[in-house]
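# Reading the structure
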Amino acid sequence: MESLFSAMIVLLLVSFSCFTSSEALGSNIGNITIKWDLMTWTPDGYVAVVTAYNYQKQRSITRPGWKMSWRWSKKEMIWSMVGAQATEQGDCSMFKEFIPHSCVSKPTVADLLPKTPYNQQIANCCKGGVLKPGLESAFQLSVGNAGTSVKTARMPVNFMFMAPNQQYTCGPSKNVRPTRFITADKRRMTSALMTWNITCVFEKSA
Ligand SMILES: *[C@@H]1O[C@H](CO)[C@@H](O)[C@H](O)[C@H]1NC(C)=O
Ligand SMILES: *[C@@H]1O[C@H](CO)[C@@H](O)[C@H](O)[C@H]1NC(C)=O
């Protein structure tokens, strides 16, 4: 009886160590997924909610936080942003009445700080770019000079995800099945107009 018991303990320990080593392996496989959900069309483009998910089990993005950049496919520019900001406005001199938030063709965007006024926040924004395992970080932007239909809106390309002391490589932008949302009262489903996904994987410590 006693030997059976100790045999079981050994078995348990062996399976436990197998479990932990495969867990450790899994932590190298995780990714950062960036998702663009187009929510509404505007007279000259669209409003999108962009969410970055940290699907890495053990790797946190710490202060001063993540940044992401991309290249517009056409002549798009950013009219306004909520929950994050472009690091450069660029040359918006061709606009006379309303001045865009950013006119650069390769914008870099950074999260806002936690002390951002509530009326300038959206859900999951404003954590100073800190992104812990399993969590998400979001911002909203209004894009102009863009297509205004599923047929004409162009995905941004050449994504980069930057984090302190970490190097990531992002794959291509993919047009995927539009995200379904459930309303707060759980009685109605809505859907994004279009959804674009980009997956970035950790390369090395920098
Ligand atoms: C990214 O990680 C998530 C969660 O582990 C996984 O479901 C997804 O397939 C991964 N994406 C890619 C492109 O590997
Ligand atoms: C796109 O990304 C979201 C968030 O990670 C995920 O839920 C969804 O399954 C992805 N779609 C595809 C086709 O990979």
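In the nomenclature of an unreviewed UniProt entry, the chain corresponds to COBRA-like protein from the organism Microthlaspi erraticum.

In terms of helices and strands, the chain carries 1 helix and 13 strands. The 206 residues of the chain split such that 39% are buried. Residue pairs in contact within the chain that sit at least 24 positions apart in sequence constitute 69% of those at least 6 positions apart. Element-wise, carbon and sulfur atoms account for 58% of the exposed surface of the chain, whose accessible area totals about 12,200 Å².

Glancing now at the pairing of strand E8 (residues 157-163). Here strand E3 (residues 67-71) pairs with E8 via 4 bridges, running antiparallel. Following the sheet pairing, serine 69 is matched in E8 by methionine 160. As paired elements, E8 and strand E9 (residues 166-170) share 2 bridges and run antiparallel to each other. Within E9, the residue paired with methionine 162 across the bridge is glutamine 167. Here E8 folds back onto E9 in antiparallel fashion, the turn holding 2 residues, of which asparagine 165 has a positive phi close to 60°.

Another point: the environment of glycine 65. Tracing the backbone through its elements, the reader meets glycine 65 in the loop between strand E2 (45-54) and E3. Linking glycine 65 and alanine 163, residues 98 residues apart in sequence, is a C-alpha distance of 6.1 Å. Among all residues touching glycine 65, those that are not within four sequence positions of it are Gly128, Gly129, Val130, Met162 and Pro164.

Close contacts around ligand 2 come from Thr33, Lys35, Tyr53, Tyr55, Val176 and Asn197, and that covers them all. The separation between an oxygen atom of ligand 2 and a polar side-chain atom of tyrosine 55 is 2.7 Å. In isolation ligand 2 exposes 360 Å². Once the protein is present, 49% of that is buried. By residue class, the composition of the shell around ligand 2 is 3 nonpolar, 2 polar and 1 charged.

It is worth spelling out the packing of aromatic side chains at this point. In this description, an aromatic ring pair is defined by two values, namely the gap between the centres and the angle between the planes. Within this structure, the stated rule accounts for 13 aromatic pairs. When the centroid spacing of 5.9 Å and the interplanar angle of 90° are considered together, the rings of tyrosine 46 and tryptophan 196 count as edge-to-face. In this pair, tyrosine 46 is assigned in strand E2 and tryptophan 196 in strand E13 (residues 194-205), connecting sequence segments 150 residues apart. By the ring-pair criterion, three or more aromatic residues cluster together here, those being Trp36, Tyr46, Trp70, Trp72, Phe159 and Trp196. A cation over a ring is seen here: arginine 59 above phenylalanine 202, with NZ or CZ 3.4 Å from the ring centre.

What follows deals with the side chain of threonine 33. As for its position among the elements, threonine 33 is in strand E1 (residues 32-42). A distance of 2.7 Å separates the side chain of threonine 33 from the side chain of asparagine 31, its partner in a polar contact. When near neighbours in sequence (up to four residues on either side) are disregarded, threonine 33 contacts Thr51, Ala52, Tyr53, Tyr55, Asn197, Ile198 and Thr199.

Okay, the site of ligand 1 next. Residues in contact with ligand 1, as listed here, are Asn31, Tyr55 and Thr199. Between ligand 1 and asparagine 31 there is a distance of 2.3 Å, counted from an oxygen atom to a side-chain nitrogen or oxygen. In isolation ligand 1 offers 360 Å² of accessible surface; the protein chains occlude 36% of this area.

Counting 33 residues, the largest nonpolar core has Trp36, Tyr46, Met68, Trp70, Phe139, Leu141 and Phe161 as the members making the most contacts within it. Setting aside residues no more than four positions away along its own chain, leucine 141 makes contact with Trp36, Tyr46, Val47, Ala48, Val50, Trp70, Trp72, Ile78, Ser80 and Met81.

Okay, the pattern of salt bridges next. Enumeration over the complete set of coordinates arrives at 1 salt bridge. Lysine 35 is the partner of aspartate 37 in a salt bridge, and the nearest nitrogen-oxygen pair spans 2.6 Å.

Analysis parameters
- All residue numbers here refer to positions counted from 1 along the written sequence of the relevant chain.
- The naming scheme follows written order: chains are lettered A onward, ligands numbered 1 onward.
- Totals for whole chains, interfaces and linings use every residue, but because this is a predicted model, local features are given only for residues with pLDDT of at least 70 and side-chain atom pairs only at 80 or more, for both listing and counting.
- Side-chain measures here rest on the full set of heavy atoms in the structure, leaving out hydrogens and waters.
- Numbering of helices and strands runs from the N terminus, with a helix taken as a DSSP run of H or I at least four residues long and a strand as a DSSP run of E at least two residues long.
- Think of it in three bands: residues with accessible area under 20% of the maximum for their type are buried, residues over 50% are exposed, and the middle band is partly exposed, with areas taken using a 1.4 Å probe on protein chains only.
- Contacts are assigned to residue pairs that have any heavy atoms within 4.5 Å of one another.
- With residues, only the protein chains shown are counted as cover, and all accessible areas are computed by Shrake-Rupley using a 1.4 Å probe.
- In this scheme, strands are said to pair when DSSP sees at least two bridges between them.
- To be near a molecule or strand, a residue needs just one of its heavy atoms within 4 Å of it.
- Here a polar contact is taken to be a pair of N or O atoms separated by no more than 3.5 Å, where protein atoms must pair a possible hydrogen donor with a possible acceptor and residues adjacent in sequence count only if both atoms sit in side chains.
- Side-chain classes follow a simple rule in which Ala, Val, Leu, Ile, Met, Phe, Trp, Tyr, Cys and Pro form the nonpolar group, Asp, Glu, Lys and Arg form the charged group, and the remainder, Gly included, forms the polar group.
- In this analysis, rings of Phe, Tyr and Trp, with Trp reduced to its six-membered ring, are considered paired at centre separations within 6.5 Å, and the interplanar angle assigns stacked below 30 degrees, edge-to-face beyond 60, and tilted for intermediate values.
- A ring is considered to have a charge above it if a Lys NZ or an Arg CZ atom is located within 6 Å of its centre and within 35 degrees of its normal.
- Among the buried residues, those of types Ala, Val, Leu, Ile, Met, Phe, Trp, Tyr and Cys that are joined through side-chain atoms within 4.5 Å form a nonpolar core.
- Salt bridges are counted wherever a side-chain nitrogen of Lys or Arg sits within 4 Å of a carboxyl oxygen of Asp or Glu.

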